[in-house]
Amino acid sequence: MAGQTRYVIIGASAAGMAAAEAIRAIDKSGPVTVYSDESDPPYFRPLIPFLISGKKSAADMAMVGHGPYRGTGIDVRLKSKVAGIDARMRTVSLKSGEEVAFDRLLLATGSSPYVPPEIDGTGQEGVFTLRTLSDARSAAGRAEKSRRAIMLGGGILNLKASFALLERGLKVTLIVQSPQVLSQLMEPDDASLIRDALNKAGLEIETGVSARRILSGSNGVNGVLLDDGREIACEMVCIGKGVRPNAAFVDSENIRVDRGIVVDQFTASGAESIYAAGDVAVTVDPVTGGRIVTALWTNAVEMGRCAGFNMAGKPTAYGGTFGILNATQVAGVSFVSMGIVHTSGLDYETHVHESRGAYRKLVFSPDGERLLGVLLLGDISRAGLYRFVIREKMPVAKIKSQIINHALHYGHFIRT
Amino acid sequence: MPDGKDLNVKSTDPAVREMIVKAAKMEVKTVWDRYEAMLPQCGFGDTGLCCRHCLQGPCRIDPFGDGPTEGICGATADTMVARGLDRAIAAGTAAHSGHARHLAHALLKVAKGQAASYSIKEVEKLRAVAARLNIQVDGRSDNDVAGDVARAALADFHEKDTPVLWAATVVNPERAKVLSDLGLVPRGIDHEISEIMHRTLYGVDADPVNLLLAGLRCGVADLAGCYMATDLADILFGIPHPAVTEANLGTIKADAVNIALHGHNPLLSDLLVTRAESRKDAAVAAGAYGINLVGICCTGNEVMMRHGIPACTHSVSQEMAILTGALDAMVVDYQCIMPSVATVAECMGTTLITTMEIGKIPGAKHIPFTEETAAERADEIYDIAIANFKRRKGKSVDIPQIKTPVVAGFSVEAIVSALAKLDANDPLKPVVDSIKSGNIRGVCLFAGCNNVKVTQDSNFIAIARKLLKENVLVLATGCGAGALMRHGFMDPANTDKLCGDGLRAVLRAIGEANGLGGPLPAVLHMGSCVDNSRAVALAVAVAQYLGVDTDKLPVVASAAEAVSEKAVSIGAYAVAAGLPTHVGVMLPVLGSELVTQVLTDKVKGLTGGYFIVDLDPESAAEKLLAAIDERRAGLGL
Amino acid sequence: MTEPREIFVRLDRCMGCHSCELACAVAHSRSKSLYGAISEQPRPGHRVYVEAVRPDTPVPVLCRHCEDAPCMHACIAGAIGRNEEGAVITQADKCIGCWTCVMVCPYGVVGRQLEEHKAYRCDRCQGRETPACVQACPTKALVYRSVRDFSRDTRKTASKTMIVPQGG
């Protein structure tokens, strides 16, 4: 094996597996070992709500053998939690006591659900965060014995979990601290179409309140006390309040941690031969120029691929990603949110158009010359063109009316 | 080079196949080559979802809903499809009635003594038609009556106080009432055509049902045009009676001056036939053994029915007659003449002669025909053909040695007189009794063309075979008749093997009573496409005999390989007359669910007739039989 | 082994007739015939889009099956892969309708089947010798060639058009 580069990747989700495949695409022989602290082989994490609804099995979510993930020559070690890294000695120590030497190391440890400490009783039986397949299995088990679930947090993950539980026949109440659902992805005024659809779909939503305490009895959770004094009975609680990077294990003066692991544009940390990608890494938003951490699968893959290419010797710059970049469909309403979409009180040139079943908001720079953000609800067709326009910072003068009227198509890029 | 399989897809006619191979060898493009080059065809046109009625267009509606769902003016798919169909009906009506009007002018000239080459051949029919039109006959000269009939015919074209007489007086009173109640009695043939053009104009009629009713009324005007054409042609050229002749390319003769008569109107072609004998000497002097006239399409049917002139081929295979290399001239008038014949004629040394002011073709020699100068023009045509023969003489030709015996010419009058041999006092009785007994399960009329999208003749053959075995009396006109004649369906020798027991017995009884020493042919040739009127006349006579309306009769129609807009207008009047009417190629209506439903179902509640659109001949035959049986049940049979 | 072929667009030839769209929808219908497809529910969608920049400048747009296909890497369900001929294929049974591919496609050519909640896109008509859109194009604005053949043809045409006017 002399002369071969030994690649070690910590984390076997989006960034880790994408990096492994990228390395393999360039370096056909250097051993690639991926360590995962989970007991399930790599899976498409965003699919876990389907385990709760029963629409997919864990096997249906496997990464290897699907999409671009071939898994050829990639050694995935499960149930292997990393205890620490020694950047100078180029070794990784596992909880099991094993020491692993590397030539190139990728930190793709992802993120963990944030559980607000101000809520009492989050440790009770029947309280869940939905991050892993194992979490989803437990939640599904509890759902079988539950009639009502309370969901803390109004983000996408909680909405998806809510629908999974609704499909199982539970009564579901969403407790949202913000004045509206999906506040990370749109402003309250933008969300009314979705809110109506959620209500129609049977989801109960309480906005502007938060949970003070999770109540429990001998069978675990039996209710939630809200900060307005109300008590709602339930048998299970899901907390969906965002995630935080898993960077606590990093203990090296050369690797800077600021919320997440800080890397340069080639995804390299300050320590030689050590890279970071995915939720754990701090990246740059090309729209705002700000340093951000994101928790989006798509970003993690893109960054992981970059890291993989860099590790295998093909310098590849990572252009960063929008802090907001999300597409999905809830309660029959599809939407795409990208770039800067929170504009109230700010100086952006904003165009809003509302029609039956559709809503869109186009955000331009104050001088009107660049597109900065797009929110599409209902009709999201050709949304990728806007992403392109935003990311490439294209001057929009010639195509502005098409953008505003959602009439942009690829032809506008090649024929004028 | 087309291989066997390829040929099988193009035509079932072995003579045509020989010529397809020859065309490929010579690299002469034919209709099948052009069809292949055209594939795939535009789906918008195919489904009726393309509109070019205004200069804001063309508009196309996306049948799959991703694109536009209405035209620029706001016309929906239903409106667009209905408007398009209406225009096709109007075009078909214009053609049939144009043919009729041409004959009406000729009859008027005869009456005035201005057309020396023509005369009144059927005084009886003239008087019968006049009587039907309420024109005074007694004590008047033939020319006077003919003048009035001609003027009545011409008057039927424009809007006037009375309805179109050739529509109102040719159907049974019950049907007249149905049509009148539905507002389907035309007020003038040209008026209906013109009104269709008006209402389908940008920004007029957008109501699909209203448009379709107007289309049906125009269809009734088409019946008038067809009926008039038949009546006037019979008066001028004689009522057809069965003639023994033959069909297919084998009727072309290498050592004769071969002239193909192609198109529709008997005005010129009949004259060419009657003058042939006088030109024989010139042909012989040129080295030919004589003059050999052969027919193509409905001109062919007209001269076959009245003079026993053989038919060399039909419709989609018209180019193949020229490809033999043995045609000295092809004389055409109008309708169904592919412009490509000029190119093929040029390749093969045939002179293509156009004769009508409205039908010129680049590459053809044009000899303007008028009734006044008919004889001179006819002789001019003979001179050209004979001169051409001199050039061709001795050169090799490729005439497929394939031809089939044909007995053709079953006008209503001929059928009635044949039946009279069984029961002189009550000639319809034997046929009606056979229907009642089930010996004749029903009647099916085959009409229309050969469509390049269908293996030539295959739909006609498959459906006719099935229906004959099931004892359905089969009538045929136009190129539908042409298809069946080339495949032996009009050869009495085949009657026994083609027909079921009951039908065989009926055809045999009529044949023997008429001294034929055998049965009638399995399929009765009723004439050209305007002669679909003869089938209507027969249906009306049977309906009146039974005392029921025509929509109660076990009578169906099939345009199994339709091409022309004329087939669409014929279909419209067949439906208006109450007949289940099969079309074996797709009408451009599928883009509108509403129009499709009205045509294939809802209209049944109005006229009793409806369209059966089915591209599969086997299932089409089943549907036609089911429609016949439904009607038999309705009559308590 | 034959080189993989791609669908190329010759913009100057497009007449804007939309025939490719119809043929595409029919090819992706259950019945595979226009007459059948027209009444299918859900309606079959087409995956080629004839757009217009101005009334007289039609632009057929369709999936380029990108070498670095953003949709494939972005897919959160593993539903998008590349087949042996190099075509990027969306596997309907794995698609969950999250529309991430719609969000990242820089050509805007991923369609959404709303009734079945599935994304769809050009699959170069797997199983057909020539893609339906190419076959349907009356002016051959769409061609199905290998990259090498297409660029060679383009060069030939270019040199011809340069030579002919000079030659006479």
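Everything quoted here is computed from the prediction, not taken from an experiment.

Draft legend 1. Here's a closer look at the domain arrangement of chain C. Residues and elements named next belong to chain C. Annotation of chain C at the domain level lists domain 1 (1–62 + 132–168) and domain 2 (64–121). Measuring from the centre of the C-alpha atoms in domain 1 to the corresponding centre in domain 2 gives 21 Å. Listed per partner, the contact involves 12 residues of domain 1 and 11 residues of domain 2. When domain 1 packs against domain 2, the two sides together hide about 940 Å² of surface, and 49% of this comes from carbon and sulfur. When the buried surface of domain 1 facing domain 2 is broken down by residue, P42, R47 and L62 rank first, second and third, together holding 47% of it. For the interface between domain 1 and domain 2, the tally reads 0 salt bridges. Listed by contribution, the elements that provide at least two residues to the side of domain 1 that touches domain 2 are β1 (5–9) and β3 (58–62). With 3 residues, the single largest contributor to the side of domain 1 that touches domain 2 is β1. Of the residues in the side of domain 1 that touches domain 2, the class split is 7 nonpolar, 2 polar and 3 charged.

Draft legend 2. Structural context of the packing of helix α12 (residues 266–275) of chain B against helix α17 (residues 374–392) of chain B. All names here are of chain B. Across the interface, α12 lies against α17 with an axial gap of 10 Å and an inter-helix angle of 70°. Classified by the angle their axes make, α12 and α17 are roughly perpendicular. For the crossing formed where α12 meets α17, the hand is right-handed. For the pair formed by α12 and α17, the contact residues are L268, L271, L272, V273 and R275 on the first element and A374, A375, A378, D379, I381 and Y382 on the second. When its residues are assigned to classes, the contact of α12 with α17 shows 9 nonpolar, no polar and 2 charged.

Draft legend 3. Spatial organisation of the sheet that holds strand β14 (residues 220–226) of chain A. Residue and element names in this part refer to chain A. Taken in spatial order, the 3 strands line up as β13-β14-β15 in an open sheet, and their pairing is antiparallel. Because the sheet does not close on itself, it has two edges, and the strands there are β13 (211–217) and β15 (231–233). Pairs of neighbouring strands in the sheet enclose a mean axial angle of 30°, with direction left out of account. Relative to β14, β13 runs antiparallel, the two being bridged by 6 bridges. The residue bridging R213 from the neighbouring strand is L225, located in β14.

Draft legend 4. Seen up close, helix α24 (residues 532–546) of chain B. All names here are of chain B. With 15 residues, α24 should cover 21 Å at 1.5 Å per step; its first-to-last C-alpha distance of 21 Å lies within 8% of that length. Of all the 15 residues making up α24, 11 are buried; the element is thus mostly covered by neighbouring parts of the structure. The set of residues buried in α24 consists of N532, S533, R534, A535, V536, A537, L538, A539, V540, V542 and A543.

Draft legend 5. Highlighting the packing of aromatic side chains. Counting across every chain of the model gives 8 aromatic pairs over all chains. Consider the rings of Y410 of chain A and F413 of chain A, whose centres lie 5.9 Å apart with planes at 80°: the pair is edge-to-face. One aromatic cluster is present, built from ring pairs that chain together F388, Y410 and F413 of chain A together with Y107 of chain C. Directly above the aromatic system of F364 of chain A lies the positively charged group of K400 of chain A, at a separation of 4.7 Å from the ring centroid.

Draft legend 6. Quick peek at the interface of chain C and chain A. Contact with chain C, which involves 35 residues of that partner, is made by 41 residues of chain A. Across the chain C to chain A interface the summed buried area is about 3,100 Å²; carbon plus sulfur atoms make up 61%. It is H73, I76 and M103 of chain C that lose the most area in chain C upon contact with chain A, and together they represent 22% of the buried surface on that side. Where chain C packs against chain A, one counts 2 salt bridges.

Draft legend 7. A look at the environment of G571 of chain B. All names here are of chain B. Take G571: it is sitting in helix α25 (residues 565–576). Separated by 482 residues in sequence, G571 and I89 place their C-alpha atoms 8.9 Å apart. Dropping the residues within four chain positions of it, G571 is found in contact with T581 and F611.

Draft legend 8. Broad picture of the interface of chain C and chain B. With 18 residues of chain C at the contact, the number on the chain B side is 17 residues. Here chain C packs against chain B, burying approximately 1,500 Å² in sum over the two surfaces, 68% of which is carbon and sulfur. Three residues, L22, Y35 and I38 of chain C, lead the burial of chain C against chain B; their summed loss comes to 46% of the area buried on that side. Across the contact surface, chain C and chain B share 0 salt bridges. At the junction of chain C with chain B, the criterion picks out 3 residue pairs in polar contact (both at pLDDT 80 or more). Going through the elements one at a time, α1 (19–27), α2 (34–37) and α5 (132–136) of chain C are the ones with two or more residues in the side of chain C that touches chain B. Considering each element in turn, the side of chain C that touches chain B owes the most residues, 4 residues, to α1 of chain C.

Draft legend 9. Highlighting the environment of Q91 of chain C. When you line up the elements, Q91 of chain C lands in the loop between β5 (88–90) and α4 (100–104). Overall, Q91 of chain C belongs to the partly exposed group, its relative accessible area being 36%.

Draft legend 10. Representation of helix α10 (residues 189–199) of chain B within the structure. Taken together, the buried positions of α10 of chain B are I189, H191, E192, I193, E195, I196 and R199 of chain B. Lining the buried residues of α10 of chain B we find α5 (77–111) and α11 (208–237) of chain B.

Draft legend 11. Quick look at the side chain of S80 of chain A. Residues and elements named next belong to chain A. Residue placement: S80 occurs in the loop between β3 (74–77) and β4 (82–86). A polar atom in the side chain of S80 sits 2.9 Å from the backbone oxygen of L78. If near-sequence neighbours (up to four positions away) are discounted, S80 is found in contact with Y35, S36, D37 and L94.

Draft legend 12. Region of the structure containing the nonpolar core. Counting 190 residues, the largest nonpolar core has V149, W166, L232 and F446 of chain B as its most contacted members. Every residue in contact with V149 of chain B, bar those within four places of it in the chain, is listed here: L107, L126, V129, A130, L133, I135, W166 and L232 of chain B. In terms of nonpolar packing, the next biggest core, distinct from the first, is built from 166 residues, A87 and L372 of chain A together with L62 and A74 of chain C among them.

Draft legend 13. Here's a closer look at the packing of α12 of chain B against helix α14 (residues 297–307) of chain B. Residues and elements named next belong to chain B. The geometry of α12 relative to α14 is characterised by a closest axis approach of 9 Å and an angle of 45° between their N-to-C directions. Comparing the axis directions of α12 and α14 gives the class oblique. At the point where α12 passes α14, the crossing takes the right-handed sense. Contacts from P266, S269, D270, V273 and T274 in α12 reach T299, E302, V303, R306 and H307 in α14. Residues that form the contact of α12 with α14 fall into these classes: 3 nonpolar, 4 polar and 3 charged.

Definitions and cut-offs
- Residues numbered from 1 in each chain as written.
- Chains lettered and ligands numbered in written order.
- Predicted model: local features only at pLDDT ≥ 70, side-chain atom pairs only at ≥ 80, totals over all residues.
- Heavy atoms only, no water.
- Domains from an automatic or database assignment.
- Contact = heavy atoms within 4.5 Å.
- Buried area = accessible area lost by both parts, 1.4 Å probe.
- Salt bridge = Lys/Arg side-chain N within 4 Å of Asp/Glu carboxyl O.
- Helix = DSSP H or I, 4+ residues; strand = E, 2+ residues; numbered from the N terminus.
- Nonpolar A, V, L, I, M, F, W, Y, C, P; charged D, E, K, R; others polar.
- Axes fitted to C-alpha atoms, helices over the stretch in contact; angles between N-to-C directions.
- Parallel < 35°, antiparallel > 145°, perpendicular 65-115°, else oblique.
- Left-handed = near helix turned anticlockwise from the far one by under 90°.
- Pairing = 2+ DSSP bridges.
- Expected span 1.5 Å × (residues − 1).
- Buried < 20%, exposed > 50% of the residue type's maximum accessible area, 1.4 Å probe, protein only.
- Phe/Tyr/Trp six-rings, centres within 6.5 Å; stacked < 30°, edge-to-face > 60°.
- Lys NZ or Arg CZ within 6 Å of the ring centre and 35° of its normal.
- Polar contact = N/O pair within 3.5 Å; in protein donor to acceptor, adjacent residues only side chain to side chain.
- Core = buried A, V, L, I, M, F, W, Y, C linked by side-chain atoms within 4.5 Å.

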